[in-house]
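Now for the letters of each chain:
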Amino acid sequence: MGKKRSWVWEYAKRKGDKAYCQLCDEDENNEYSCVGGTTGSIIRHLKIMHKVYQPETSTSKRLSSSNNLEEIDTLQDTDSLTNSQSSSSSSNNSFTQPSQHNIIPRKRRRFLTHDNDTDRKCSPERTETIHKALAKLISMNQLPLSFCSSPGFYQFMAVVEPNYKIIKEEALKKRLHFFKSSIEEKIRSDLKAVQRVVCTSDCWSSLAQNSYITITAHALNNDWSPMSFTLTTQEMEERRTALNIADKLENVFSNWEINDKVTTVITDNAKNVVNAVQLVSNTTNDNISDVTCAAHSLQLSINKALREDSISEILDQSSKLVGHFKHSNLAKQSLLNKQKQLGMPETSLLQSCKTRWNSIFLMLERIFKNRCPISAVMADRSVTSTHIAQKFEISEHQWLKIEALVILLKPFQVITSLLCGEKHSSTSMVRPLLKKLLDNHLKPQDNDDQSITYFKQTIIFDIKERFNLEWDSKSRVSVRQIASFLDPRYKNLDHEPLFARENIRSSVINLLNNIETDAHNVNTRCEPSLQQSALEFLYGDDVTEVNNLTTEFQNYLAEPQLKFHLNPFDWWKSRENKFPRIGILAKKYLSIPATSVSSERCFSTAGNVVNSKRTSLLTKNVNLLVFLYQNRNLIP
């Protein structure tokens, strides 16, 4: 007689050496038996999740204890049990050998079923909702892919949803890739709807010494709202030569189908990257390649001016002082106590970093604000020894120079913050802001010492040279000058020399003449009334075009200049119908960002993704996680 088939196979199916529940959704990736396909685990699953028990037969019944702690399946024959009880009673509790009909009850321990949260079923719909929520959590919080397999997460879900089966890493990646595909579709749709796109790019190296290139895209949509997307963070296996970088840029543009829309690429001042942009610009229609990151150029000018010997000595001494408080717990705690005693905010000193903009200013400003508590700690011999105090002492003359440097560097910090703002900062702001900086904050003063005078002279000369602020007969109208004219806040060009303003306006007129305006686009914006159409029908060709280019340009010049603190995009949104041709050109040039900081912000994201514990992360997973975090506002 063959082996009897277990009842569980009515609800389960075998695949290889694994058993799967047929009552569960296949998308749950359920697997309830160990290797070999035993039925124990699938029986427990049917009892707990589906409340399915072994069917009763005519020779068995289920007994329940009075306290409901467990249930027992009894397979003993009823007649044999009755005879055994009767025989036992007649022999006055004497021991009786069991007959061949006496069957020992077989006990099976079963889990209790209570109507509480711990035994509720986690439906397939809820399971998938949790899966997607976990994928979104990992994307938005820069968590590792192995987060869901950590013991802490198991304990957390045991409280939140005890019957939830933890998602596997491969299943998690599928949902992350689904988010990525969804975001890519949205970005493609938005980029397809705009006429012009501006990209920023930068290169960086991970802790594992893998080289990456990050590319972002910027544009103004039909409502004049700035858009910014991170397109990719790809590994560069080749050397960072201009030709290799140019090939990468062109491949990315081709993949995103924006080859014909890219106006220019904003980068830092590295020669290889600048040359790569020129190679890419030669293949585009605009050929705009004279725009680099304004914040990086400004920082290069500041670094050059800070090389003066006395200033360099002060910076070195200040950096050593901060390092002492960073490495000495006693000194750090004493500084906090002194700040508390003086009623000052309890703050730590900041160290400068060559790769961080404005970090020198922030270091000097924090030191100068805490001069009193720093001096008190350095004078306390129970905290600071005489040798250490003499080594890190700042003289009175140096304190005066620190104060002067803080005042000088403050405007640069403000300009850099404006140009690197989270919201779109157009390149039209660069020249007007630099003009105000030179006129209002860097003028020579009678009480300036030699080092401060050197700083002002050096930085003024370098800024004028880097940004081409001086104008002569050989000067060429730049992209920033055209963008300033198209910005309603600076369209009067008050920041430019008088003899340069006419050249800028002439260049704009030439650009407008080259624009092929879509007739349907213009007509939809300026639809004539029925009366005008009738007059045009009667007069025929004798009707003079009112909205010609010259009239439109003169009307734009006659508009009052917008106040500097108002939004130029709102102004253009309300007047696009009035200046349709100039609006097309304005949308092209005002979409150019002032800096490449959007790409450089990916460094921080990538640093959190590829940290010291995740240096072996695959480059494709780096791209996936950085892409999702940078575009997290588009995650469905």
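Quick caveat: nothing in here was measured; it's all calculated off a predicted structure. (Residues numbered from 1 in each chain as written. Predicted model: local features only at pLDDT ≥ 70, side-chain atom pairs only at ≥ 80, totals over all residues. Heavy atoms only, no water.)

Chemist: Can you walk me through the nonpolar core in this structure?
Modeler: One recurring pattern in soluble globular proteins: nonpolar side chains tend to sit buried together. In terms of nonpolar packing, the biggest core is built from 59 residues, with I187, L191, C199, L231, F253 and I258 touching the most fellow members. Those residues in contact with F253 that lie beyond four places of it in its chain are C199, I215, I258, N259, V262, V265 and V280. With 48 residues, the next largest nonpolar core counts I314, L364, L434 and I452 among its residues. (Core = buried A, V, L, I, M, F, W, Y, C linked by side-chain atoms within 4.5 Å. Buried < 20%, exposed > 50% of the residue type's maximum accessible area, 1.4 Å probe, protein only. Contact = heavy atoms within 4.5 Å.)

Chemist: How should the pattern of salt bridges be read in this particular structure?
Modeler: If the charged atoms of two oppositely charged side chains come close together, the side chains can form a pair. Enumeration over the complete set of coordinates arrives at 20 salt bridges. Between R505 and E502 there is a salt bridge; the shortest N-O distance is 3.8 Å. Pair noted here: R505 and E502 are both in helix 18 (residues 498–513), with a separation of three residues, about one helical turn. Overall, the relative accessible area of 49% leaves E502 in the partly exposed class. Notably, a salt bridge pairs K587 with E576, separated by 3.7 Å at the nearest N-O pair. With K587 in helix 23 (residues 580–590) and E576 in the loop between helix 22 (568–575) and helix 23, the pair connects residues that are eleven residues apart, well separated along the chain. (Salt bridge = Lys/Arg side-chain N within 4 Å of Asp/Glu carboxyl O. Helix = DSSP H or I, 4+ residues; strand = E, 2+ residues; numbered from the N terminus.)

Chemist: Explanation requested: the sheet that holds strand 7 (residues 226–235) in the structure shown.
Modeler: Backbone hydrogen bonds hold the strands of a sheet together, and the pairing may be parallel or antiparallel. Across the sheet, which stays open at both edges, the four strands sit in the order 7-6-5-8 with mixed pairing between neighbours. In the strand order of this sheet, the two ends are held by strand 7 and strand 8 (262–266), each with one partner. This sheet shows a mean twist of 20° between the axes of neighbouring strands, independent of strand direction. With eight bridges connecting them, strand 5 (residues 197–205) and strand 6 (residues 211–220) associate as antiparallel partners. Each bridged residue has a counterpart across the sheet, and for C199 the counterpart in strand 6 is A217. (Pairing = 2+ DSSP bridges. Axes fitted to C-alpha atoms, helices over the stretch in contact; angles between N-to-C directions.)

Chemist: Could you clarify how one ought to interpret a nonpolar patch on the surface in this entry?
Modeler: A contiguous nonpolar surface patch, about 310 Å² in accessible area, is contributed by F156, V159 and V160. Residue position: V160 is located in helix 4 (residues 151–160). (Patch = residues over 30% accessible without salt bridge, like charges linked within 9 Å, V, L, I, M, F, W, Y side chains within 5 Å. Areas by Shrake-Rupley, 256 points an atom, 1.4 Å probe, with all protein chains shown as cover.)

Chemist: Looking at this structure, I do not really get the packing of aromatic side chains. What am I missing?
Modeler: Here a ring pair, both rings aromatic, is described through the centre-centre distance and the interplanar angle of the planes. Applying the stated criterion to the full structure yields 14 aromatic pairs. On the basis of an interplanar angle of 80° and a centroid distance of 6.3 Å, the ring pair of W572 and F579 is categorised as edge-to-face. Taken as a pair, W572 and F579 share a single burial class, namely buried. Lying over the aromatic face of F627, K180 brings its terminal NZ or CZ to 5.1 Å of the ring centre. (Phe/Tyr/Trp six-rings, centres within 6.5 Å; stacked < 30°, edge-to-face > 60°. Lys NZ or Arg CZ within 6 Å of the ring centre and 35° of its normal.)

Chemist: For this particular structure, what's the right way to read helix 14 (residues 396–419)?
Modeler: With 24 residues, helix 14 extends 35 Å from end C-alpha to end C-alpha; this agrees with the ideal 34 Å at 1.5 Å per step. At L409, helix 14 shows its largest bend, some 30°, and a proline, P411, comes one to four positions later. (Expected span 1.5 Å × (residues − 1). Bend = angle between axes of the 7 residues up to and from the residue.)

Chemist: Is there a simple way to think about the pairing of strand 6 in this case?
Modeler: Within strand 6, ten of the ten residues are buried, which leaves it mostly tucked inside the rest of the structure. Alternating residues of strand 6 divide into S211, I213, I215, A217 and A219 and Y212, T214, T216, H218 and L220, and every residue in both groups is buried. Following strand 5, the chain reverses through five residues before pairing antiparallel with strand 6; Q209 in that reversal takes a positive phi of roughly 65°. Counting the residues in the hairpin turn of strand 6 and strand 7 gives five residues, including W224, whose phi is positive at 60°.

Chemist: I tried to follow the side chain of H218 on my own but got confused; where do I start?
Modeler: Within the element layout of this structure, H218 appears in strand 6. Engagement of the side chain of H218 in a polar contact is seen with the side chain of S598, the distance being 3.0 Å. Apart from residues no more than four positions distant in its own chain, H218 is found in contact with R196, V197, V198, T200, M227, S228, S591, P593 and S598. (Polar contact = N/O pair within 3.5 Å; in protein donor to acceptor, adjacent residues only side chain to side chain.)

Chemist: Would you explain the packing of helix 3 (residues 124–141) against helix 5 (residues 169–193) in this entry?
Modeler: To describe two helices that pack against each other, one gives the angle between their axes and the distance between the axes. The interhelical angle for the contact between helix 3 and helix 5, taken along N-to-C directions, is 70°, at an axis separation of 9 Å. Here helix 5 runs roughly perpendicular to helix 3, going by the angle between their axes. By crossing handedness, the relation of helix 3 to helix 5 is classed as right-handed. Each of E128, H131, K132, A135, K136, I138 and S139 in helix 3 lies in contact with helix 5, whose residues at this interface are L172, R175, L176 and F179. (Parallel < 35°, antiparallel > 145°, perpendicular 65-115°, else oblique. Left-handed = near helix turned anticlockwise from the far one by under 90°.)

Chemist: Help me understand the pairing of strand 1 (residues 12–15) in this model?
Modeler: By the bridge criterion, four bridges tie strand 1 to strand 2 (residues 18–21) in an arrangement that is antiparallel. The partner of K13 across the bridge, within strand 2, is Y20.

Chemist: Got a minute to help me understand the environment of K271 in this structure?
Modeler: By the element assignment, K271 lies in helix 7 (residues 271–281). The class for K271 is exposed, based on a relative accessible area of 67%. Sequence-wise, K271 and T241 are 30 residues apart; in three dimensions their C-alpha atoms are separated by 9.4 Å.

Chemist: Quick question: what am I supposed to make of helix 7 here?
Modeler: Helical periodicity: at 3.6 residues per turn, an α-helix aligns residues three or four positions apart in one direction. Turning to helix 7, its buried residues are V273, V274, A276, V277, V280 and S281. Taken down its axis, helix 7 places every buried residue within 160° of arc, on the same side. Looking at the buried positions of helix 7, the neighbouring elements they touch are helix 6 (242–255) and strand 8. (Arc of directions from axis to C-beta.)

Chemist: Explain unusual backbone geometry to me, please; I cannot follow it from the model alone.
Modeler: Peptide bonds are, in most cases, trans, and in most cases residues other than glycine have a negative phi. One non-glycine residue, W224, lies in the positive phi region at around 60°. In the Ramachandran plot, N468 falls in the positive-phi region, its phi being about 55° despite a non-glycine side chain. Mapped onto the secondary structure, N468 falls in the loop between helix 16 (450–466) and helix 17 (479–486).

All we've got here are geometric facts, nothing functional implied.
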